[in-house]
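Understanding the architecture of this molecule
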Amino acid sequence: MYVSIGPSAVVRRDDMIGIFDMDNCTWSHRTRKSLSVCEQEGNIVLVGEDIPRAFVVCNERKKVRKKRLSGGKKKNDAVVYMTQLSVQTLQKRVESEQI
């Protein structure tokens, strides 16, 4: 099942790790550091053009497969989608199983 997380992005429900509110989570230095690392590795995707209200952390299946085959240095396999939708809206979409 797929979940629409913004005007131009759809992710697999099974790949979703978590949905987080920007206002409540980004005050922590650990969250800011994690987001900074993801940004440096190129694992952040901006969905939409408005100010993000939430971020969705997902597994990246393609990267996992490539790393297993290549045997290279293991990097962060997560992709962070910054979306303008609220956590409540995203939660309803996940629970209702609608695209």
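Presented here is an overview of the structure given in this document. Model, not experiment: these values are computed from the prediction. The residue numbers shown here count from 1 along each chain, following its written sequence. For this predicted model, a pLDDT threshold of at least 70 governs which residues receive local features, and a threshold of 80 or more governs which side-chain atom pairs are given and counted, while totals over whole chains, interfaces and linings are taken from all residues. Here the side-chain values reflect all heavy atoms present in the structure, with hydrogen atoms and water set aside.

Once that is clear, we can look at helix α2 (residues 29-40). Every helix listed is a DSSP run of H or I at least four residues long, and every strand listed is a run of E at least two residues long, numbered separately from the N terminus. Expected helix span is given by 1.5 Å per residue-to-residue step, counting one fewer step than there are residues. Taking 1.5 Å as the rise per residue, α2 with twelve residues should run 16 Å; its terminal C-alpha atoms sit 16 Å apart, in good agreement. Any two residues having at least one pair of non-hydrogen atoms within 4.5 Å are treated as being in contact. Lining the buried residues of α2 we find α1 (22-25), β4 (44-47), β5 (54-59) and β6 (78-83). Of the residues one or two after α2, Gly42 is the one with positive phi, at around 80°.

Quick look at the pairing of β5 now. Regular strands place their side chains on alternate faces of the sheet. Burial classification: accessible surface area is computed with a 1.4 Å probe over protein chains only, and a residue below 20% of its type maximum counts as buried, one above 50% as exposed, and the rest as partly exposed. In terms of burial, β5 is largely enclosed, as five of its six residues are buried. Should DSSP find at least two bridges between two strands, the strands are regarded as paired. Pairing of strand β3 (residues 16-21) with β5 involves five bridges; the strand directions are antiparallel. Each bridged residue has a counterpart across the sheet, and for Met16 the counterpart in β5 is Cys58. Alignment of β5 against β6, held across six bridges, turns out to be antiparallel. Among the inter-strand pairings, Ala54 is bridged to a residue of β6, identified as Thr83.

Everything listed here is a matter of geometry and, on its own, says nothing about what the molecule does.
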